[in-house]
Each structure stands twice: as structure tokens, then as C-alpha cells.
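An overview of the molecular structure
Residues per chain, in single letters:
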Amino acid sequence: MVAMKNTRDGGSFKGSRKASSATQGTKSSARKIAKSKKQAKDLPKLKHEDELIRLNKYIASTGLCSRREADEFIKAGLISVNDKLVTEVGTRVKPSDVIKYNGERLKEEKKVYILMNKPKDYIATLEDPHAKKTVIDLIKGACRERVYPVGRLDRNTTGVLLLTNDGELTKRLTHPRFEKMKVYHVELNKNLKPADMEKIATGIMLEDGFIKADAINYVNTEDKKQIGIEIHSGRN
């Protein structure tokens, strides 16, 4: 039996090493500058009123439905752009265009962010026919906008969970390209042997492929049942 607690995002168990010479300090500064430039490059560009976006993305941003459902509405002839019926999936529009669903104009929702301390026995999903309780049940009535869990925490995992309708933020936090770190506090029902910890650190083969921890250690050297583990994998 394993109980996990998501303690924070983007942290690390590895202690930083102080530079012992001016050369090391210069190299460290250069790396930081390069990293800052890369992060700046990755930042989403501000939306310009003439910038073209996919129609299904715009519809989803209004909270009406998901992108996949939007494609079905488009093919069914329920969407118009500037009073012209559009049935072609992949159509691009301007944010300033007038988009209507069944004759009613759609507008982008305001961005909503809900930070939750997820309790045990709740599933981090919008809906699951096999789940008795989902995190959406905990926020009923909190907002009118349709929000989604960012990432997944399984039934037995507790800790920080963000729910939002901000698709750009969700992408930056969950897409592997951005390599966001997750730190977990894992409580086991028996001691974790150093040899097994080493296996997790060097990598193990799971049903869905190879994976290894970016960092792992005992939370308390006196208690071998509590482990701190850092990963950036997006798998459950």
C-alpha cells in the first residue's frame, strides 16, 4: 500500500553547490542567462486581434464544450462565423470574428483558477463512470465557468491540485516539453531498502515503458517508510 502526497511543483531534493572559483561563477551565470532566454522564448505570445486561431480552440475557450465536441458541432452545421455557416473542421478565425452557436454569439470566458488540497478517495477527472467521487464534486457552485484539473492525482494521492479553464497555462504545466518537476511525499506500509531506492533512481521498467526518478531520498533517515521523490514524467 502506497499513499502519496504532492507537496509542491518545481522543487528539488538536490542541494546546490557553491562555485569554488570565478570561472565556475561565470559558467553558472552563462547557464542562467541561456536558461532565461530559453524560458522567454517559450512564453506564449500575446494574442493579436488579427492572429488566426483554430475555430474549435476558440469555441472551447468559451466554455461551451471541448475541442473534440466543437469539431462535431462544426460538422453538424451549428457554428457560424460572421453570419456565414462553417462546416469545415480546421477552419481558422480571428479573435475579433463573430462566432455563433445555434444563432447565439459565443465569447471567451474569463480565466478562473481554483487551488485545491485534494483529499483521499477523490478522482482528479471531470467525469468517470466508475468513480463514486471526483474533484469536480468538491467545487460545485464555486464558479460558472467550466474548469478542468491540471494533471492527474490518483485516488489515494492527496495534495495540491489546480483546476482552471486556462488552456495555455495547462499546456505549460503538463506538456513534457516544459519539463515541470513534481515533488511527492510518499508514505509506504514498509521500509524501502536502499537497494530498491537505487533501482528507482537508475530506472525501472513499468507496463507502459521505462521511467526513473529525477531525485529520491528518505524524508527522515530514521523512518525508512517515508520517501521524497521528484519526477517530471507526465504518466500516472
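Cut-offs and rules
Residues numbered from 1 in each chain as written. Predicted model: local features only at pLDDT ≥ 70, side-chain atom pairs only at ≥ 80, totals over all residues. Heavy atoms only, no water. Helix = DSSP H or I, 4+ residues; strand = E, 2+ residues; numbered from the N terminus. Buried < 20%, exposed > 50% of the residue type's maximum accessible area, 1.4 Å probe, protein only. Pairing = 2+ DSSP bridges. Polar contact = N/O pair within 3.5 Å; in protein donor to acceptor, adjacent residues only side chain to side chain. Salt bridge = Lys/Arg side-chain N within 4 Å of Asp/Glu carboxyl O. Core = buried A, V, L, I, M, F, W, Y, C linked by side-chain atoms within 4.5 Å. Contact = heavy atoms within 4.5 Å. pLDDT = per-residue confidence, 0-100.

This paragraph deals with unusual backbone geometry. The phi dihedral of Asp83 falls on the positive side, at around 65°, and the residue is not glycine. Within the secondary structure, Asp83 sits in the loop between strand S3 (79-81) and strand S4 (84-85). For Glu179, which is not glycine, the phi dihedral falls at a positive 50°. Inspection of the secondary structure assignment puts Glu179 in the loop between helix H5 (167-174) and strand S11 (182-188). The exposed category is assigned to Glu179, whose relative accessible area is 54%.

Moving on, we get to the sheet that holds strand S6 (residues 99-101). Here we have 4 strands laid out as an open sheet, ordered S4-S3-S6-S7, and antiparallel in their pairing. In this open sheet, the two strands that pair with only one neighbour each are S4 and strand S7 (104-105). In this structure, S3 lies alongside S4, joined through 2 bridges in antiparallel fashion. Bridging across to S4, Val81 finds its partner in Lys84.

Mapped onto the secondary structure, Lys182 falls in strand S11. Looking at Lys182, the relative accessible area reads 17%, which means it is buried. Looking at Lys182, its side chain comes within polar contact range of the main-chain oxygen of His232, at 3.5 Å.

By the definition in use, this model includes 4 salt bridges. Lys140 is the salt-bridge partner of Asp137, the closest N and O atoms lying 3.7 Å from each other.

Counting residues in hydrophobic clusters, the biggest one holds 22 residues, and the most contacted among them are Val135, Ile139, Leu163, Ile227 and Ile229. The set of elements that each furnish at least two residues to this core consists of strand S8 (113-118), helix H4 (135-138), strand S10 (158-164), S11, strand S14 (215-220) and strand S15 (223-231). Element by element, the count of residues in this core is highest for S15, at 3 residues. In contact with Ile227, other than residues within four places in its own chain, are Tyr184, His185, Val186, Leu188, Leu192, Met197, Ile216, Asn217, Tyr218 and Val219. Listed in part, the 13 residues of the second largest apolar core include Tyr58, Cys65, Ile79 and Ile99.

This next bit is on the pairing of S8. Judged by which residues are buried, S8 turns out to be one-sided: Ile114, Met116 and Lys118 face inward and are buried, whereas Tyr113, Leu115 and Asn117, on the alternate face, are not. Where S8 and S10 come together, 6 bridges link them in antiparallel fashion. Bridging from a neighbouring strand, Asn117 pairs with Val160 of S10.

Chain-level pLDDT for the chain is 80 on average; 78% of the residues reach the 70-or-more range. Ignoring residues within four places in sequence, the model shows residues 8-30, a span with pLDDT below 50, making 20 contacts including any to other chains. Predicted confidence is poor over residues 39-46, with pLDDT under 50, and the contacts of this stretch with residues over four places away or in other chains come to 7 contacts.

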